[in-house]
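# Commentary on secondary and tertiary structure
Residues per chain, in single letters:
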Amino acid sequence: MTTPIDATKTAAWARLGQLHDELEVDFRAWFANDERAKNFTFTAGDLYVDLSKSFLTDDIKAALLELADQVNLLERREAMLSGQRINVTENRAVLHTALRREKGEEVLVDRHNVVDDVREVLTRLYAFAEKVRSGEWTGITGKPMKTIVNVGIGGSDLGPVMAYEALKPFVAEGIECRFISNIDPTDVGETLKGLDPETTLVIVASKTFTTLETLTNARQVRSWLLSALEAQGAPTDGAVAKHFVAVSTALDKVEAFGIDPDNAFGFWDWVGGRYSVDSAVGLSLAIAVGKDGFEDFLAGFRTMDRHFAQAPAEENVPLLMGLLNVFYVNFAGAATHAVLPYSQYLHRFPAYLQQLTMESNGKRVRWDGTPVTSATGEVFWGEPGTNGQHAFYQLIHQGTQLIPADFIAFANPTYAFKDGESDQHELFLGNFFGQTKALAFGKTADEVRAEGVAEELVSAKVFPGNKPTASIMAPALTPSVLGQLIALYEHITFVQGIVWGIDSFDQWGVELGKAMAKALTSAVEGDREAIAAQDSSTRGLIEYYLANRK
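Residues numbered from 1 in each chain as written. Predicted model: local features only at pLDDT ≥ 70, side-chain atom pairs only at ≥ 80, totals over all residues. Heavy atoms only, no water.

## Quick look at the pattern of salt bridges
- Enumeration according to the criterion identifies 25 salt bridges in this entry.
- Linking E198 and K143 is a salt bridge whose minimum nitrogen-to-oxygen distance equals 3.5 Å. Residue E198 is located in the loop between α8 (185-192) and β7 (200-205), and its partner K143 is located in the loop between α6 (114-134) and β5 (147-151); the two are separated by 55 residues in the primary sequence.
- E198 gets classed as buried once you look at its relative accessible area, which sits at 11%.
- In this structure, E359 engages R274 in a salt bridge whose closest nitrogen and oxygen atoms are separated by 3.0 Å. Of the two residues, E359 sits in helix α14 (residues 349-361) while R274 sits in the loop between β9 (264-265) and α12 (283-310), which places them 85 residues apart along the sequence.
- A relative accessible area of 21% places E359 in the partly exposed class.
- Look at R274 and you get buried, because its relative accessible area is 2%. (Salt bridge = Lys/Arg side-chain N within 4 Å of Asp/Glu carboxyl O. Helix = DSSP H or I, 4+ residues; strand = E, 2+ residues; numbered from the N terminus. Buried < 20%, exposed > 50% of the residue type's maximum accessible area, 1.4 Å probe, protein only.)

Written as structure tokens, this is what we have:
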């Protein structure tokens, strides 16, 4: 196990501290020089990324790149891409990037080319997806599948549902996907409401086929399917094998559940769940958008991977954005980061990024087990514009907290509606452009007074400005562009983790609560001895539940 370099002990870290202490953000003055937008706008694949309204200056950019060099960030990048075991707490390679490599490429793990394995699974995945899409795959009564129900949790849910919602214009007519993740029985009940069991295909996504929430929900869906088929007078013998498939490598458990192991699609321990949407975990998406759409999706990831691996450091968008986030957290004191897509199709994208970033970098020890030496991670959150403008933008504009924000938009809409003579998409994008401008430049007291505002109201209507944002645009939201966006944030997360010296690819923090929940089962069921063994708060809560459960 290598010892991470302590970033806080480097000359670049000290330099960044000095630069922050001397920093006087004044976007109005900064943009008096017309070169700023040119100097801090970059392209990566189809993405046009404007960082000119960020806190980057030439000196800060140089110091951040020096920091990357001094913590051996580019060496760690090569170690990841080549299959070295950089997930040290689990002794695993980190190769989500191998999921989108092209046939014929080589990435070796223990002298075995994992790209061959990936492509073999994709071939099977596409063949199955086409059977469903064409109607060749039928249920127990011979009817084709119309509704795909994905049962998973964490990365086995957040990725597929986000991508499905984002790519709805590309979904085949007659196919609908629904998603179950929460162990709250409401999720199962509402998701299954109105479905025809004869035309429902269920995907159970669990690598080990032991995930408590997923298997509990899968059993409930299985019970619903068999009961509903029986109620309709349909046969039930063999129905599970016709209506259930799995994303799992535990073939014995899959078979015991009633699923044909030939209809199980695996992935590998070098793929973390939150990095797995482009693996077999994306089976629902592959059915929805087909082989060509899914391959385009993978090509988008690959485009950003190559940019991250090959672009010069001073033009490398994931590298710069990751380093800039470190500056916001460790020097400017930002605790949260907003992601604000101006696309309703991306309404689940901030939730997806919450797991990607916060499960990856929410760590208190470095990869060698020693305590971290700086703040790590930030709370990622957001909602689509313009909804957020009427909810929480007030805090970003005039609140006391520094909240860096990423704005995402697309030049071409799916629906070209007009509001009278006005193009509605242009009205929409006017908000996108206007919000970043307002956050950067604000409104001074003199400007407020010039509008005739009463003096006692002037201070309330002043906008301080100088709020940092990044603007990301693309021609349209396509499968490829979505892949590029996801990979962009994957690599941003990696960059931050390397600077902080943490293992961004384990997630031990999710285990304790799950273990305690399992241990409490007997108490929740009313075992008096188990209840008495709890702390007073937990005991009181369980007693309240038992007294009020009808």
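Structure shown, so let's carry the discussion forward.
## Focus on the side chain of Q496
- Tracing the sequence through the fold places Q496 in helix α19 (residues 479-500).
- Each residue touching Q496, except ones within four places of it in the same chain, is listed here: G322, N325, V326, N361 and E378. (Contact = heavy atoms within 4.5 Å.)

## Some points on the UniProt feature "active site" (unreviewed entry) in the chain
- UniProt's entry tags E359, H390 and K514 with the feature "active site" (unreviewed entry), counted in the numbering of this structure. A maximum C-alpha distance of 36.5 Å is found for the annotated residues, which run over 156 residues; spatially they are spread out rather than grouped. The subset of these annotated residues that lines the largest pocket comprises E359 and K514.
- Examined against the element boundaries, H390 turns out to sit in the loop between β11 (379-381) and α15 (393-398).
- Using a relative accessible area of 73% as the deciding quantity, one classes H390 as exposed. (UniProt positions renumbered as here; feature names shortened; annotations may be inferred. 1 Å grid on protein atoms, 1.4 Å probe; cavity = no way out; pocket = protein on both sides within 12 Å on 5 of 7 lines; lining within 4 Å.)

## Looking at the sheet that holds strand β2 (residues 47-50)
- Strands sit in the order β1-β2-β15-β12-β10-β11 across an open sheet of six strands; the sheet is mixed. Of all strands in the sheet, those bounded by a partner on one side alone are β1 (41-44) and β11. Averaged over all adjacent pairs, the angle separating strand axes in this sheet is 20 degrees, with direction ignored.
- Across the face of the sheet, helix α13 (residues 317-330) comes into contact with β1, β2, β10 (336-341), β11, β12 (405-410) and β15 (469-474) while running at roughly 130 degrees to β1.
- Sheet strands in contact with helix α16 (residues 424-441) are β12 and β15, and its direction is about 155 degrees off that of β12. (Pairing = 2+ DSSP bridges. Axes fitted to C-alpha atoms, helices over the stretch in contact; angles between N-to-C directions.)

## Considering empty space enclosed by the protein
- What the rule picks out here adds up to four cavities of 30 Å³ or more.
- Here the largest cavity is characterised by a volume of approximately 60 Å³.
- Taken together, L51, M321, L324, N325, Y328, H337, P404, A405, D406, P468, T469 and A470 form the lining of the largest cavity.
- Elements supplying a minimum of two residues to the lining of the largest cavity: α13, β12 and β15.
- The element that contributes the greatest number of residues to the lining of the largest cavity is α13, accounting for four residues.
- Grouping the amino acids of the lining of the largest cavity by side-chain chemistry returns eight nonpolar, three polar and one charged. (Points joined across faces, edges and corners; volume = space filled by probe spheres on them. Nonpolar A, V, L, I, M, F, W, Y, C, P; charged D, E, K, R; others polar.)

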